[in-house]
Amino acid sequence: MKIKVYRYHDGMKNPRYDTFELEPKPGLTILGALFQFQQNFDDSIAFHYSCRGAVCGTCAMLINKVPRLACRTQVASLLNGDLKIPLSPYHAIEENIEWDNKEEVLIEPLPHLPVIKDLIVDMGKFFEYYKDIEPVFKPADSTPEKERLMDPDSIPELELYTNCILCAACFGSCPIDDSDPEYLGPAALAKLYRFYIDPREENGIERLKIADIPRGWWDCKFHGNCRRVCPKDVPPLIAIAKAREQLEKEGEDR
Amino acid sequence: MGVASTVESIHYHDVIIIGGGLTGLRAALQISNSGLSGALVSKVHPLRSHSVAAQGGMNASLGNVPGDDGASDDWKMHAYDTVKGSDYLADQDAVEKMCREAVATVYELEHMGTVWSRLENGKIAQRPFGGAGFPRTCYAADRTGHNALHTLYEQVLNKNFPFYEEFFVTSLVKDKGRCIGCTAIEIMTGKIHGFISKAVLMATGGFGRIFNRSTNALINTGDGQALALEAGVPLKDMEFVQFHPTTLYGTNILMSEGARGEGGILINSQGKRFMEKYAPNSVDLAPRDVVARSIEQEIREGRGYDGGYVHLDLTHLGSDRIMERLPGIRQIAMDFAGVDPIKEPVPVQPGQHYSMGGIDVDINGSTILPGLYAAGECACISVHGANRLGGNSLLETVIFGRLVADTIIKDINNFQIPDILPVESAVNDVEFKIKEVMGREKGANIFDVKDEMTELMFQKFGIFRNGQTMKKGLNEILKMENKLSELTPNNKDLAVNQTLIQFLELEGMLKIAEVVARGAIKRKESRGSHMRTDHPDRDDKNFLKHTIIGLEDNNLNINYKPVTLGMFEPKERVY
Ligand SMILES: Cc1cc2nc3c(=O)[nH]c(=O)nc-3n(C[C@H](O)[C@H](O)[C@H](O)COP(=O)(O)OP(=O)(O)OC[C@H]3O[C@@H](n4cnc5c(N)ncnc54)[C@H](O)[C@@H]3O)c2cc1C
Ligand code: SF4
Ligand code: FES
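Just so we're clear, the structure is a prediction, and the values are computed from it rather than from any experiment. (Residues numbered from 1 in each chain as written. Chains lettered and ligands numbered in written order. Predicted model: local features only at pLDDT ≥ 70, side-chain atom pairs only at ≥ 80, totals over all residues. Heavy atoms only, no water.)

Draft legend 1. Region of interest: the overall build of chain B. Scanning chain B for helices and strands turns up 16 helices and 21 strands. For 575 residues, the compact-globule estimate of 2.2 N^0.38 gives 25 Å, and chain B sits close to it at 23 Å. Seen along its three principal axes, the alpha-carbon backbone of chain B occupies a region of about 70 × 55 × 50 Å. Residue burial in chain B is summarised as follows: out of 575 residues, 65% are buried. For chain B, the exposed area adds up to about 19800 Å²; of that, 48% sits on carbon and sulfur atoms. Charged side chains of chain B number 61 positive and 72 negative; the gap between the two group centres comes to 3 Å. (Helix = DSSP H or I, 4+ residues; strand = E, 2+ residues; numbered from the N terminus. Rg over C-alpha atoms; globule rule 2.2 N^0.38 Å. Buried < 20%, exposed > 50% of the residue type's maximum accessible area, 1.4 Å probe, protein only. Areas by Shrake-Rupley, 256 points an atom, 1.4 Å probe, with all protein chains shown as cover. Lys, Arg positive; Asp, Glu negative; His and termini not counted. Charge placed at Lys NZ, Arg CZ, Asp CG, Glu CD.)

Encoded structure:
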């Protein structure tokens, strides 16, 4: 089998694709394949890595036209065609790159963020939007001596959102982030919702108002790509729908 | 040579923190609150630090869950378990400090917004963990590190604390017997920066990746320990390396003890359950080191599978129990080994897990070099001694991140603003060195040498050690160190040159490997994680002491330091 890898660095007019042949041993991940590429083919290849265990969120890239974590994606299952994920279309996944999906795996950088080199994108914008929603705990009361009590039943819903590893796979899959580069994106909105539903916070609706702007809650068209690509099953769509409902209700009450 | 040509800039901050894991972030928060100017330098975005991967939890004697007979936990019992677990090599004053501060530290994270798992009564949930007499481990499902790291990152970001992300620190700068800053490569551009500061805090994590089988993140290459050594600061107890019995074959991702806790059993290639032979009482649930040694012995005696693994069988638990209790484990096995534990056994082997040793610091986190401090896994304040208890290292990072920052805040008034010249000249030195490395003739493959070293370390300095093989191993390490001067990246661009970064990591890793080797060869006893087949017993008479290894005139020098006892007298460690 082969991997076909997007290559670009400063000064190149157009990106090119390099193809590299390797043995798809059981258990080989895309990240593992990239390390083989680096070791045996071309040591100038650039890609992000750290935990190699799908927890640090640094290795999201476009693999066979779907944003995924390179470390969690098995080469063999891609070739078997097990890992097809249907997505609402947007520019980056529609581009016509020729690749033989029985023999080859196509690896490209995550869309909607500027490419620095090869598979490394500049995450600056993603984290800027994250920061825009003021991601910090704002407790309702003064600090108690011990822990604040929390109903264990409130935890599962919170965990849906705290599980986000800020990998930006959703950002790279979102047709709205494609058409509106200002859109805060699924991860930032899901994070904002996480603070809103934290029972220890009581800023209530004020929290949600941070994104009560065109580039916030109201930009989403519910394509649902974010949920489909998320490696941690975070449901930004539910957060967005519920936030809108709350804001609309508040509007009526006033 | 026009060495100053690519100098981007020199930055001044009162305090430079190297590392953005739990330790570095907690220290950053403290420095920020104190009003000093600080900055955090990290080779990866802080959220990509290894701390994010910690699963099981953080120990503190909250006493939210009663022990047997309704007894209540306290810091002294926590201290006792820690000291016993350490095989009496931990410094008991440091252990006391940690265990006393533990409760407030878990509360502190809660107050900052960490979502902990909860009991029915709304309090923070606690679970039993290996080597602990109480259900003392506070947890956030199996994502404790993730939750805590995100919380601290949010707090520090909120302070607009400056981050230098994806800056790889290349040297510490000394002037007049003091540490006055560091140099770093900005990875994305390849430019060399200089940092001037009154104090530098190392929070660079462990060195697990000198072993080819490790549960650690790929970035855990022990850079901080190597930087300190290079700056003349000794390392302590580096031969003590923890191995976890069950890591997934192939990637060595951690398969938590929970799998055996729920009833999983280990099976060799003859289809036989073998733990009965090694630990007739606790069988598959014997302590980590015992299980790791047993698996390794089965493999060495030819009863493992090709490639060197055994089976962790969960199939008898049935699909419901697995889905309910072990969903995370199942997901990892499916994603990373293509194996569904409901249908087939999971291939596992022991792997490196934690670095007990590190930069030698006193109880305040100070090194022997004024202005240089260390905390977290990169340091050895010695709360873990010869063997760390699960759940104690997350605790260590957050507590000592804060306390060592406090030491710095106290000390800093004694330090003058440093001269810029030595930092400039250090930047020039790094540039010069990199030019030299890049200008070399094409040599051996850097990655091949790295593979060779990591394989050697596991084979010769792994779970079982003995004098003869270790001496051979040391010779091979020295040969590889000599080979370093012939290595060069094929890629000659400086911007985003990850091969160059890995080369620089490899230089440090080999030095660290040598330190581990020398410490292990000289320690002619078995204690905690250090198991010598030629010296199978603990020898308190000769070895109840810390190994201290420093660099003098390019040679490694071995000394020893007494262990601080006080609360608990050494006893045999039986479970
Ligand atoms: C799989 C796994 C599970 C674990 N689970 C638990 C658990 O349940 N409970 C527990 O108590 N402990 C656990 N541990 C141990 C614990 O996670 C670590 O000891 C702890 O997170 C270390 O934190 P740290 O802040 O010291 O270092 P790290 O989190 O490793 O951070 C190191 C930082 O230093 C930076 N750095 C390193 N070198 C350089 C350089 N040259 N230049 C610039 N920056 C550099 C890195 O970028 C990083 O930001 C676990 C460990 C593993 C491997
Ligand atoms: S919501 Fe999911 S896909 Fe988006 S950043 Fe978080 S973990 Fe990644
Ligand atoms: S390397 Fe951490 S998520 Fe892939």
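Here the narrative resumes.
Draft legend 2. Inspection of the sheet that holds strand 4 (residues 58-59) of chain B at higher detail. Residue and element names in this part refer to chain B. With antiparallel pairing, three strands are arranged side by side in an open sheet as 4-6-5. Only two strands of the sheet have a single partner each, and these edge strands are strand 4 and strand 5 (126-127). Bridging between strand 5 and strand 6 (residues 137-138) involves two bridges; their strand directions are antiparallel. Looking at strand 6, one finds that Q126 is bridged to C138. (Pairing = 2+ DSSP bridges.)

Draft legend 3. Molecular detail of the domain arrangement of chain B. Residue and element names in this part refer to chain B. Taken as a whole, chain B is organised into domain 1 (9-55 + 143-240 + 356-547) and domain 2 (244-351). Its C-alpha centre places domain 1 at a distance of 32 Å from the equivalent point of domain 2. With 13 residues of domain 1 at the interface, the matching set in domain 2 holds 17 residues. Taking both sides of the interface into account, the surface hidden between domain 1 and domain 2 amounts to around 1300 Å²; carbon and sulfur atoms contribute 53%. For the pair domain 1 and domain 2, the number of links is two residue pairs in polar contact (both at pLDDT 80 or more). (Domains from an automatic or database assignment. Contact = heavy atoms within 4.5 Å. Buried area = accessible area lost by both parts, 1.4 Å probe. Polar contact = N/O pair within 3.5 Å; in protein donor to acceptor, adjacent residues only side chain to side chain.)

Draft legend 4. Main features of the site of ligand 1. All names here are of chain B. The environment of ligand 1 is made up of 38 residues, and the closest members are S49, S51, E377, S393 and L394. T23 has a polar side-chain atom sitting 2.9 Å from an oxygen atom of ligand 1. Contact distances for ligand 1 include 2.6 Å between an oxygen atom and a backbone N or O atom of L394. Considered on its own, ligand 1 offers 1000 Å² of accessible surface; in the complex 98% of this is hidden by protein. (Near = heavy atom within 4 Å.)

Draft legend 5. A look at the interface of chain B and chain A. Facing the 61 residues of chain B at the interface are 57 residues of chain A. Note on chain B versus chain A: buried area summed over both sides is about 4800 Å², and carbon and sulfur give 51% of it. A:E159 is the salt-bridge partner of B:R143, the closest N and O atoms lying 3.8 Å from each other. The interface formed by chain B and chain A contains 36 residue pairs in polar contact (both at pLDDT 80 or more). (Salt bridge = Lys/Arg side-chain N within 4 Å of Asp/Glu carboxyl O.)

Draft legend 6. Geometry of the pairing of strand 3 (residues 60-63) of chain A. Residue and element names in this part refer to chain A. Here strand 3 shows a buried face lined by A60 and L62 and a second buried face lined by M61 and I63. Bridging between strand 3 and strand 4 (residues 66-69) involves four bridges; their strand directions are antiparallel. In the sheet register, A60 faces strand 4, and the bridge partner there is L69. As consecutive antiparallel partners, strand 3 and strand 4 are separated by two residues, and within that stretch N64 has a phi angle of approximately 50°, a positive value. Of the pairings in the sheet, the one linking strand 3 to strand 5 (residues 104-108) comprises two bridges and is antiparallel in character. Following the sheet pairing, I63 is matched in strand 5 by I107.

Draft legend 7. Focus on the domain arrangement of chain A. Residue and element names in this part refer to chain A. Domains assigned within chain A are domain 1 (2-120) and domain 2 (123-253). Computed over C-alpha atoms, the centres of domain 1 and domain 2 are 28 Å apart. Listed per partner, the contact involves 20 residues of domain 1 and 21 residues of domain 2. Interface area, domain 1 with domain 2, both sides summed: about 1600 Å², of which 60% is carbon and sulfur. Its largest share of buried area at the contact with domain 2, domain 1 owes to S88, H112 and L113, together 33% of the area lost on that side. Our count for the domain 1 to domain 2 interface comes out at zero salt bridges.

Draft legend 8. Highlighting the nonpolar core. The biggest cluster of nonpolar side chains holds 260 residues, and the ones touching the most others in it are A:I3, A:W217, B:L172, B:M202 and B:I210. It is helix 15 (residues 498-522) of chain B that contributes the most residues to this core, 14 residues altogether. Setting aside its immediate chain neighbours within four residues, B:I210 contacts B:M453, B:T454, B:M457, B:M509, B:I512, B:A513 and B:V516. With five residues, the next largest nonpolar core counts B:V173, B:I180, B:V423 and B:A426 among its residues. (Core = buried A, V, L, I, M, F, W, Y, C linked by side-chain atoms within 4.5 Å.)

Draft legend 9. Seen up close, a negative patch on the surface. All names here are of chain A. A cluster of acidic residues, E245, E248, E252 and D253, forms a negative patch on the protein surface. Assignment of secondary structure puts E245 in helix 10 (residues 236-253). Overall, the relative accessible area of 52% leaves E245 in the exposed class. (Patch = residues over 30% accessible without salt bridge, like charges linked within 9 Å, V, L, I, M, F, W, Y side chains within 5 Å.)

Draft legend 10. Expanded view of unusual backbone geometry. Despite not being glycine, A:R52 shows a phi value in the positive range, around 50°. With respect to the helices, strands and loops of the structure, A:R52 is situated in the loop between helix 1 (30-40) and strand 3. Taking the relative accessible area as the measure of exposure, A:R52 reaches 10% and is therefore buried. The phi angle at B:D553 is positive, at roughly 45°, despite the residue not being glycine. With relative accessibility at 75%, the residue B:D553 sits in the exposed group.

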